[in-house]
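Listed below, chain by chain, are the residues.
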Amino acid sequence: MSNLLQSVKRTIAGLCLLAFLTTFSTTMAHAQTLKETTDWMKSSLAPKGIADLEANGFNLYETNGSRYSESLSLEFNGCSVKVTKDTVLTDFAVNDYHTRYIETFNLSDIDPKTVLTTDVGSGIWRQRDTAVTFSTTNDKKTIHCSAIVTEQGAKFGKDAGCMPADDSDELMRFGTSEYARRFVKAMRHAVTVCGGKASTF
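Residues numbered from 1 in each chain as written. Predicted model: local features only at pLDDT ≥ 70, side-chain atom pairs only at ≥ 80, totals over all residues. Heavy atoms only, no water.

This paragraph deals with the layout of surface pockets. Considering only enclosed or pocket space, the largest pocket measures out at about 330 Å³ in volume. Along the wall of the largest pocket there are 17 residues; nearest its centre are Lys85, Glu103, Cys145, Cys162 and Glu170. Elements with a contribution of two residues or more to the lining of the largest pocket: strand E2 (66-77), strand E4 (96-106), strand E8 (143-149), strand E9 (166-167) and strand E10 (169-174). With 4 residues, the single largest contributor to the lining of the largest pocket is E10. In terms of residue class, the lining of the largest pocket is made up of 9 nonpolar, no polar and 8 charged. (1 Å grid on protein atoms, 1.4 Å probe; cavity = no way out; pocket = protein on both sides within 12 Å on 5 of 7 lines; lining within 4 Å. Points joined across faces, edges and corners; volume = space filled by probe spheres on them. Helix = DSSP H or I, 4+ residues; strand = E, 2+ residues; numbered from the N terminus. Nonpolar A, V, L, I, M, F, W, Y, C, P; charged D, E, K, R; others polar.)

Here you go:
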């Protein structure tokens, strides 16, 4: 009876160890694949040459008398994301307006089914890019935005206002539809690894 009890204890201990190792290895695999994915999402936005015009994260829009450009960059800390958008609005008749928008959110708050590409060429601007849009699970307002003036002068560094400051939707503009599709694939993977869930309704 004593030998049987010892055998049962060893079996239980072995099963517990196996479960722990399986969980640990799965966690490590997820962490590794997340880092590989977010590293690509970050590095692939950088300029391919010496000019921002060659970057996947640079987009330029023009309309009569005005031009709008935006340079996009990303930073990751695990599942936390910081999006920086440096924008320049050039009104040829008046002035240049430089603004930096900073948006932060967690990948675990994103609904992976909402990560999609969308053409954004039907608005006021003659936009020549493809955008990636996504929303939070159950439309929770967990995407935070702030903005500062970045042109030199008296207003440098002052609050430029970000409307709304807390939102449930995000839009990132890219230079080509090909890159946007690749970004969607990477974004969905990162959101899933971080535990992002579909909305209830």
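Here we take up the side chain of Thr90. Relative to the assigned elements, Thr90 resides in strand E3 (residues 80-91). Once you skip the residues sitting within four places of it in the chain, Thr90 turns out to touch Gly65, Ser66, Arg67, Asn95 and Asp96. (Contact = heavy atoms within 4.5 Å.)

On E8, burial follows the alternation: Ile143, Cys145, Ala147 and Val149 on one face are buried, whereas His144, Ser146 and Ile148 on the facing-out side are not. Two strands pair when backbone bridges link them, and E8 and E9 are joined in this way by 2 bridges, in the antiparallel orientation. By the bridge assignment for E9, His144 is matched with Asp166. (Buried < 20%, exposed > 50% of the residue type's maximum accessible area, 1.4 Å probe, protein only. Pairing = 2+ DSSP bridges.)

Within this structure, the stated rule accounts for 2 disulfides. Put simply, Cys79 and Cys194 are joined by a disulfide, and their sulfur atoms are 2.0 Å apart. Since a negative S-S torsion denotes a left-handed disulfide, the Cys79-Cys194 link at about -95° is left-handed. With Cys79 in the loop between E2 and E3 and Cys194 in the segment after helix H2 (177-193), this residue pair connects regions lying 115 residues apart in the sequence. At a sulfur-sulfur separation of 1.6 Å, the disulfide partner of Cys145 is Cys162. Where Cys145 bonds to Cys162 through sulfur, the torsion about that S-S bond is close to 60°, and the disulfide is right-handed. Here Cys145, found in strand E8, pairs with Cys162, found in the loop between E8 and E9; they are 17 residues apart in sequence, far enough to count as distant. Here the two residues Cys145 and Cys162 agree in accessibility, since each one is buried. Disulfide partners in the chain, listed by the sequence order of the bonded cysteines, are 1-4, 2-3. (Disulfide = S-S within 2.5 Å.)

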